[in-house]
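Residue-level listing of the chains:
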Amino acid sequence: MVKKRSKETIVYAILNACKDGVNSTRLMYASGLNFAELKKYVELLISQGLIRGESRGRSTYYYLTEKGINALTLLEKYLDLKSKEEEIVGQLRKLITFL
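A few points on the structure. (Residues numbered from 1 in each chain as written. Predicted model: local features only at pLDDT ≥ 70, side-chain atom pairs only at ≥ 80, totals over all residues. Heavy atoms only, no water.)

1. What to know about the pattern of salt bridges
Quick note on the threshold: Take a side-chain nitrogen of Lys or Arg and a carboxyl oxygen of Asp or Glu: if they are within 4 Å of each other, that pair is a salt bridge. Under the scheme applied here, a residue whose accessible area is under 20% of the maximum for its type counts as buried, over 50% as exposed, and between as partly exposed, the area being computed with a 1.4 Å probe on protein chains only.
Taken as a whole and judged by the stated rule, the model has four salt bridges. Its salt-bridge partner being Arg52, residue Glu54 comes within 3.0 Å of it at the nearest N-O pair. Arg52 gets classed as partly exposed once you look at its relative accessible area, which sits at 38%.

2. Side note on the packing of aromatic side chains
Just so we agree on the cut-off: For this analysis, a ring pair means two rings from Phe, Tyr or Trp (six-membered ring only for Trp) whose centres lie within 6.5 Å, classed as stacked if their planes differ by under 30 degrees, edge-to-face if by over 60, and tilted for the remaining angles. Charge-over-ring placement is defined geometrically: NZ (Lys) or CZ (Arg) within 6 Å of the ring centre, and within 35 degrees of the ring normal.
Inspection of the entire model under this criterion finds zero aromatic pairs. For Arg56, the ring lying beneath its charged end belongs to Tyr61, and the centroid distance is 4.4 Å.

3. Details of the sheet that holds strand S2 (residues 51-56)
The following threshold applies: A strand pair is defined by DSSP finding two or more bridges across the two strands. Only DSSP runs of H or I covering at least 4 residues are called helices, and only runs of E covering at least 2 are called strands; the numbering of each starts at the N terminus. Two residues form a contact once any of their heavy atoms are found within 4.5 Å. Fitted lines through C-alpha atoms serve as axes, helices being fitted only where they are in contact, and the angles separating the N-to-C directions of these axes extend from 0 to 180 degrees.
In space, the three strands of this open sheet follow the order S1-S3-S2, with antiparallel pairing throughout. Edge positions in the open sheet fall to strand S1 (22-23) and S2, since each of these has one partner strand only. When S2 meets strand S3 (residues 59-64), the two strands line up antiparallel, connected through six bridges. Pairing of Ser55 across the sheet is with Thr60, part of S3. Across the sheet, helix H3 (residues 35-47) touches S2 and S3, and the angle it forms with S2 is around 110°.

4. Digging into helix H2 (residues 24-31)
For clarity, the cut-off: Throughout this description, a polar contact denotes any pair of N or O atoms lying within 3.5 Å of each other; where both atoms belong to protein, one of them has to be capable of donating a hydrogen while the other can accept it, and for residues adjacent in sequence the pair is counted only when both atoms sit in side chains.
For H2, the N-terminal capping position is held by Asn23, with its side-chain oxygen 3.3 Å away from the main-chain nitrogen of Thr25. One or two positions beyond H2, positive phi appears at Gly32, with a value near 75°.

5. Some words on the packing of helix H1 (residues 7-17) against H3
Let me state the cut-off plainly: Small angles under 35 degrees read as roughly parallel and large ones over 145 as roughly antiparallel, with 65 to 115 read as roughly perpendicular and the rest as oblique. Only Asp, Glu, Lys and Arg are considered charged in this grouping, and only Ala, Val, Leu, Ile, Met, Phe, Trp, Tyr, Cys and Pro are considered nonpolar; every other residue, Gly among them, is considered polar.
At a minimum axis distance of 11 Å, the contact between H1 and H3 shows a crossing angle of 80°. Put simply, H1 runs roughly perpendicular to H3. Judged by residue contacts, Lys7, Ile10, Val11, Ile14 and Leu15 of H1 engage Leu38, Tyr41 and Leu45 from H3. For the contact of H1 with H3, the per-class residue count stands at seven nonpolar, no polar and one charged.

Structure follows, in structure tokens:
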């Protein structure tokens, strides 16, 4: 069974890819989303002021804003804590089987 990724994980992947500027195609591959899904996330992130788009010829490049840099830092901390929590819960379930 394939585990569904959280919105936080997807947003982290998008923001992380935008650190140095990225076009739509590379952003699609970095985030693991199809074009329609990516478009929704990009529109939301732009509307929230986390990324900005810059047209270059026929391509649009996406960059982090200051707010996006802060969000990326917080998401990284959150995902690290979430990973540690899952590890601890797994260990507890081995010890206490009814959890």
